[in-house]
Amino acid sequence: MESVHHVSLSSKILFSKVRKIVPPMLEKFHKGQLGRVAVIGGSLDYTGAPYFSAMASARLGCDMSHVLCERSAASVIKSYSPNLMVHPLLPSIDTVKDPNSIDVPSLAGPIIAMLSRLHALVIGPGLGRDEVTLKVVAEVIREARSRSIPFVLDADGLLIVTQDPSLVKGYKESKTMGIKVASQVEIAQAGNDDITDKASDACEQLSKAFGGVTIIQKGPQDVISNGVTSIISDSEGGLKRSGGQGDTLTGSLGTFLAWRAAYHEKMWDSGEQDNEKEAQSIEEVQAELSSENKRMSPETTLLLAAWASSSITRECSRRAFADKGGACRPVI
């Protein structure tokens, strides 16, 4: 098995590069230009997850935070915060007239009509496993991919692609998909370094199997890999493993994907020199991250967006645990 190629740069250097893709506050910007993110999820049984994800996206700094949920979840999620725009657009087996004969493209139409207004999608928090819902979301994924809209998959969103890997395989264009893998690699009787090496290798191999999509593998140290380059997020986190922390990670990543798009559209002067070449090797990624004035490629900024989202989530978890101890929950 091939060895994993890690970027061995300090967190200080990586954060300095992350700042390059965070938009400055300029008077010329209009509402919505710096991030319109939608969380697709929320069902009768699960209303907290989409809220955590969407609020994390909003609190981090996206301009507009949407939740596209099942009708039964809409009123509940609306009651959590006026900051969220909640749209009861996800159909379910209980809301269609004939579950045995459904028109998937027609049911997905209202959601697809919104895609042109969005910069990034987070698909999966609280989605549930209703068969009609999953078929409609699969159709939305196909359309988002055809429009090169970046999206994050988590929770039951991952179930959709395990059933049909072609939905995401090889989707690594300039606006690339990010998958957050919530499950940890089970490694018994191994030290921390060994765990990281094995998790890194598994993450890299999974990325390659999906044609180079970017994956975040959660664990004692989070691993981010696109099958060619891997970055380790090893900042200290909290010791409380409360529900909702993964959702705050997906929401944060949604905002970073929106900011990343704005960076590549050159909506502000970053003070960097243009770089026409894509970073296709570990050496080229490392060169971009080490340079002070070289504009980064989409491959590099996607790795950075994932790393930054992981690091911020881990730091927030650490601070919450230090303040609240075992009683801490996601702070949004």
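Right, let's walk through the structure included here. Note that the structure is predicted; figures quoted are calculated from it, not measured.

As for the nonpolar core
Residues Val67, Cys69, Ile77, Leu84, Val86, Phe256 and Trp307 are the most contacted members of the largest nonpolar core, which totals 44 residues. Core analysis: the second largest hydrophobic core is formed by 36 residues, Ile123, Val136, Ile141 and Ile215 among them.

Re the environment of Pro165
Examined against the element boundaries, Pro165 turns out to sit in the loop between α6 (156–163) and β6 (178–181). Overall, the relative accessible area of 36% leaves Pro165 in the partly exposed class. For the pair formed by Pro165 and Phe210, sequence separation is 45 residues and the distance between their alpha carbons is 7.3 Å.

Let's talk about the packing of aromatic side chains
By the definition in use, this model includes six aromatic pairs. Ring centres of Phe256 and Trp259 lie 5.3 Å apart, and the angle between their planes is 80°; on these two criteria the pair is classed as edge-to-face. Of this pair, Phe256 and Trp259 both sit in helix α8 (residues 245–264), three residues apart, which is roughly one turn of that helix. Both residues of the pair, Phe256 and Trp259, belong to the buried class.

Considerations on the pairing of strand β1 (residues 36–40)
Along a regular strand, successive side chains alternate from one face of the sheet to the other. Among the five residues in β1, four count as buried, and that is most of the element. As paired strands, β1 and strand β2 (residues 64–70) are joined by five bridges and run parallel to one another. By the bridge assignment for β2, Arg36 is matched with Met64. Each parallel crossover has a hand, and the one from β1 via helix α2 (residues 48–60) to β2 is right-handed.

A few points about the pairing of strand β3 (residues 85–90)
Pairing analysis gives four bridges linking β2 to β3, with the strands arranged parallel. Within the sheet, the bridge partner assigned to Val67 lies in β3 and is Val86. Once you follow β2 into helix α3 (residues 71–80) and on to β3, the crossover reads as right-handed.

Looking at the packing of α2 against α8
At a closest axis distance of 7 Å, the pairing of α2 and α8 adopts a crossing angle of 40°. By the angle between their directions, the pair α2 and α8 is classed as oblique. Judged by the sense of rotation from one axis to the other, the crossing of α2 with α8 is right-handed. Note on element contacts: α8 touches α2 through Asp247, Thr248, Thr250, Gly251, Ser252, Thr255, Phe256 and Trp259, opposite Ala49, Phe52, Ser53, Ala56, Ser57 and Leu60. Taken together, the residues that form the contact of α2 with α8 break down as six nonpolar, seven polar and one charged.

What counts, and at which threshold
Residues numbered from 1 in each chain as written. Predicted model: local features only at pLDDT ≥ 70, side-chain atom pairs only at ≥ 80, totals over all residues. Heavy atoms only, no water. Core = buried A, V, L, I, M, F, W, Y, C linked by side-chain atoms within 4.5 Å. Buried < 20%, exposed > 50% of the residue type's maximum accessible area, 1.4 Å probe, protein only. Helix = DSSP H or I, 4+ residues; strand = E, 2+ residues; numbered from the N terminus. Phe/Tyr/Trp six-rings, centres within 6.5 Å; stacked < 30°, edge-to-face > 60°. Pairing = 2+ DSSP bridges. Right-handed = clockwise from strand over helix to strand, strands pointing away. Axes fitted to C-alpha atoms, helices over the stretch in contact; angles between N-to-C directions. Parallel < 35°, antiparallel > 145°, perpendicular 65-115°, else oblique. Left-handed = near helix turned anticlockwise from the far one by under 90°. Contact = heavy atoms within 4.5 Å. Nonpolar A, V, L, I, M, F, W, Y, C, P; charged D, E, K, R; others polar.

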